[in-house]
Amino acid sequence: RDDDDINDVASMAGVNLNEESARIMAPNSDLVGTQLQSCKDEPFLAAVPLHKRILETAKKLGITDVPAEVVTFISHATQSRLRTVIEKVTVITQHRLESYKDDEWYEQATDVRAQLKFFEQLERLEKQRKDEQEREILLKAAKSRSRQEDPEQARLKQKAKEMQQQELAQMRQRDANLTALAAIGPRKKRKLDGAGLFSMGGEGLGVCGGSQAGLGTASPRQYPRQKITRVNLRDFIFYMEQEREMSHSLLLYRALLK
C-alpha cells in the first residue's frame, strides 16, 4: 500500500479495496445477487363496497364508469386523511395531559379543585347548621306539654320521635361495629414463606420477606409497558373547531349537542 500517494482516496480513508471485493464476492454475501421487488398495493378500504358507493354517487352526476384505479386512489386518500386526523388528535390529547406543576417556568395562578372543595365544605356546614336547627325545633316540640295540640304540633312530635329512633339505631349499629372490630383484633399482614421464593410459570422470582434482605436476590423480568393515549370527545371537538373545513360542519354541532 502506497501511503505516500495523496491521490489514493481509499487508502487515505482506511479502506482496503481487495478486502471489500472479497467480501462482496463471497458465496454467502447478501450484498450481491439480492433481488428486491415492490410490495403488493393493498387498499385500505374494502374495494367492492367502496366501488359500489362511488358508482351510486357518480350516477347522480351522470358518470357511468369508474375504473379500479379511482377506487384505489380514494382508499389511499382515506387512509392518509385518517392518519392525519389521528396524529393531530393525539397531539391535542398529549398537550391536554401535560402537567406544568413541576416546571420552574410556570406558577400556579388558580386552583379550581381547591375552590370546589371550599364551596362543598361551605354547603356541608350550611346543611349541618340547618339540620341542627331542625333538630332543636323537633326536640322542643317533643318536650311541649300543651293539652290542645294542633295538627302541625302532632306532626312535629311524630317526626321528633322518628328522629330519636333513627339516632338510637345508628348508635347501636356503631357500637355493634366497634364490638365486632374489637373481637376480630388487629389485622395481621400476610407473611411470606421462609425461603422467600415463588415459582411462576417455571421461572423463579426472588421476593424479600419482611425486612430481611438477601433471601431473594433475583428480580422479576421487567417488560416495557406501552403507553396508551386515550382520546375523548372533547379532544375531537377541539380538533374540529381548529379545522377550517369542519369548524362550521354539521358534525361539529352534533358533537356539541352530546
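Residues numbered from 1 in each chain as written. Predicted model: local features only at pLDDT ≥ 70, side-chain atom pairs only at ≥ 80, totals over all residues. Heavy atoms only, no water.

Per an unreviewed UniProt entry, the recorded name for the protein is TAF4 factor, and the organism is Calyptomena viridis. Under the Sequence similarities (unreviewed entry) heading, UniProt states for the protein: "Belongs to the TAF4 family." In its Subcellular location (unreviewed entry) section, UniProt records this for the protein: "Nucleus". (UniProt positions renumbered as here; feature names shortened; annotations may be inferred.)

K.L.:
How would you sum up the overall build of the protein? Please name residues and give values.
P.N.:
Secondary structure summary: the protein contains eight helices and two strands in total. Listing every helix and strand of the protein by position from the N terminus yields α-α-α-α-α-α-β-β-α-α. Across the protein, every contact between residues at least 6 apart in sequence was considered, and the portion connecting residues at least 24 apart equals 39%. When the accessible surface of the protein is totalled, it reaches about 23,900 Å², and 54% of it is carbon and sulfur. (Helix = DSSP H or I, 4+ residues; strand = E, 2+ residues; numbered from the N terminus. Contact = heavy atoms within 4.5 Å. Areas by Shrake-Rupley, 256 points an atom, 1.4 Å probe, with all protein chains shown as cover.)

K.L.:
Break down the nonpolar core for me, with residues and values.
P.N.:
In this structure, Val-85, Val-89, Ile-92, Ile-237, Tyr-239, Met-240, Met-246, Leu-252 and Ala-255 together form the largest nonpolar core, which totals nine residues. Of all elements in the fold, only α4 (68-97), α7 (233-242) and α8 (250-257) reach the threshold of two or more residues within this core. For Val-85, the residues in contact, after removing those within four places along its chain, are Phe-236 and Tyr-239. (Core = buried A, V, L, I, M, F, W, Y, C linked by side-chain atoms within 4.5 Å. Buried < 20%, exposed > 50% of the residue type's maximum accessible area, 1.4 Å probe, protein only.)

K.L.:
Let's hear about the side chain of Ser-75: which residues, and what values?
P.N.:
Considering the arrangement of structural elements, one finds Ser-75 in helix α4. Given the relative accessible area of 0%, Ser-75 is considered buried. Of note is the side chain of Ser-75, whose polar atom sits 2.9 Å from the backbone nitrogen of Leu-45. Apart from residues lying up to four places away in sequence, Ser-75 is in contact with Pro-43, Phe-44, Leu-45 and Leu-50. (Polar contact = N/O pair within 3.5 Å; in protein donor to acceptor, adjacent residues only side chain to side chain.)

K.L.:
With reference to specific residues and values, describe a nonpolar patch on the surface.
P.N.:
Residues Val-112, Leu-116, Phe-118, Phe-119, Leu-122 and Leu-125 make up a contiguous nonpolar surface patch of roughly 590 Å² in combined accessible area. You can see Phe-118 is positioned in helix α5 (residues 112-143). (Patch = residues over 30% accessible without salt bridge, like charges linked within 9 Å, V, L, I, M, F, W, Y side chains within 5 Å. Salt bridge = Lys/Arg side-chain N within 4 Å of Asp/Glu carboxyl O.)

K.L.:
Give me the packing of α5 against helix α6 (residues 151-184): which residues, what numbers.
P.N.:
Relative orientation of the contacting elements α5 and α6 amounts to 115 degrees, with a least axis distance of 8 Å. As far as their axial angle goes, α6 and α5 are roughly perpendicular. In the crossing of α5 with α6, the sense of the turn from one axis to the other is left-handed. From α5, Glu-134, Arg-135, Leu-138, Leu-139, Ala-141 and Ala-142 reach across to α6, where they touch Gln-153, Leu-156, Lys-157, Lys-159, Ala-160, Met-163, Gln-164 and Glu-167. (Axes fitted to C-alpha atoms, helices over the stretch in contact; angles between N-to-C directions. Parallel < 35°, antiparallel > 145°, perpendicular 65-115°, else oblique. Left-handed = near helix turned anticlockwise from the far one by under 90°.)

K.L.:
Just give me the short version of the packing of α4 against α7, but keep the residues and values in it.
P.N.:
At a minimum axis separation of 9 Å, α4 and α7 run at an interaxial angle of 115 degrees. Put simply, α4 runs roughly perpendicular to α7. For the element pair α4 and α7, the recorded crossing hand is right-handed. Along the contact surface, α4 presents Arg-81, Val-85, Lys-88, Val-89, Ile-92, Thr-93 and Arg-96, while α7 presents Arg-234, Asp-235, Phe-236, Phe-238 and Tyr-239. Residues of the contact of α4 with α7, tallied by class, amount to six nonpolar, one polar and five charged. (Nonpolar A, V, L, I, M, F, W, Y, C, P; charged D, E, K, R; others polar.)

K.L.:
Describe the pattern of salt bridges, with residues and values.
P.N.:
Evaluation of the coordinates by the stated rule reveals six salt bridges. A salt bridge links Lys-88 to Glu-243; its shortest N-O distance comes to 3.1 Å. With Lys-88 in helix α4 and Glu-243 in the loop between α7 and α8, this pair connects stretches of sequence that are 155 residues apart. On the basis of relative accessible area, Lys-88 is assigned to the partly exposed category, the value being 36%.

K.L.:
Lay out helix α3 (residues 47-60) in plain terms, naming residues and giving numbers.
P.N.:
Counted at 1.5 Å a residue, the expected span for α3 with its 14 residues is 20 Å, and the 20 Å between its end C-alpha atoms agrees. Those residues of α3 lying buried are Leu-50, Ile-54 and Ala-58. Angular distribution of buried residues about the axis of α3 spans 70 degrees; they occupy a single face of the element. Summarising the geometry of α3, the exposed residues directed more than 90 degrees from the buried face are Val-48, Pro-49, Lys-52, Arg-53, Lys-59 and Lys-60. Elements in contact with the buried residues of α3: α4. (Expected span 1.5 Å × (residues − 1). Arc of directions from axis to C-beta.)

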